[in-house]
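Geometric and topological summary
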Amino acid sequence: MLQPAEIQQRFSQIQQTINQAEEVTRNDQGAPDDIRDCIQKIAHEMPAAERAMRSNDQSRIIECIDRLEEMGDDAKRMVRSSQPSPQVASVVTRVHDVLSDLKHQLH
């Protein structure tokens, strides 16, 4: 099981990755709306996730990361079906991977 400081560090990396994904999908005129919307939904969940992280309540943290990872799964599926630009595909894959990795380390 990860220690709280490790979880917080990983969460900071996730936040940076999501911020990059928001920027890329916002600036890429060809980015499909469903992918852009999905990344926005993930970004909108981040304040709640941050509150969960600060609470140090392990079950709450796991629940929150699980929910974010499911959204990451959705975004990755959308990438496969819509074939966006390589930049969008890459950043969405990174979002999914960092969320999935943390989820698996928490379980």
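We now turn to the structure provided with this report. (Residues numbered from 1 in each chain as written. Predicted model: local features only at pLDDT ≥ 70, side-chain atom pairs only at ≥ 80, totals over all residues. Heavy atoms only, no water.)

Comments concerning the overall build of the protein chain
Along the backbone of the protein chain there are 4 helices and 0 strands. Counting from the amino terminus, the protein chain carries its helices and strands in the arrangement α-α-α-α. Since a compact globule built from 107 residues should have a radius of gyration of about 13 Å, the 14 Å found for the protein chain is in line with a globular shape. For the protein chain, the spread of C-alpha atoms along the three principal axes comes to 40 × 20 × 15 Å. In the protein chain, 72% of the contacts between residues at least 6 apart in sequence involve partners at least 24 apart. Here the protein chain has roughly 5,900 Å² of accessible surface; of this, 45% comes from carbon and sulfur atoms. Of the side chains in the protein chain, 13 bear a positive and 18 a negative charge, and the two mean positions are spaced by 1 Å. (Helix = DSSP H or I, 4+ residues; strand = E, 2+ residues; numbered from the N terminus. Rg over C-alpha atoms; globule rule 2.2 N^0.38 Å. Contact = heavy atoms within 4.5 Å. Areas by Shrake-Rupley, 256 points an atom, 1.4 Å probe, with all protein chains shown as cover. Lys, Arg positive; Asp, Glu negative; His and termini not counted. Charge placed at Lys NZ, Arg CZ, Asp CG, Glu CD.)

Let's talk about the nonpolar core
In summary, soluble globular proteins display a tendency toward joint burial of nonpolar side chains. Among the nonpolar cores identified, the biggest contains 32 residues, and Val92 and Leu106 are the most heavily contacted of them. Looking at this core, the elements that each hand over two or more residues are helix H1 (4-27), helix H2 (33-55), helix H3 (58-82) and helix H4 (86-106). Ranked by residues supplied to this core, first place goes to H2 with 9 residues. (Core = buried A, V, L, I, M, F, W, Y, C linked by side-chain atoms within 4.5 Å. Buried < 20%, exposed > 50% of the residue type's maximum accessible area, 1.4 Å probe, protein only.)

Section: the environment of Val92
Relative to the assigned elements, Val92 resides in helix H4. Of the residues examined, Val92 reaches a relative accessible area of 1% and is grouped as buried. Other than its neighbours up to four places away in sequence, Val92 contacts Ile35, Ile39, Ala75, Lys76 and Val79.

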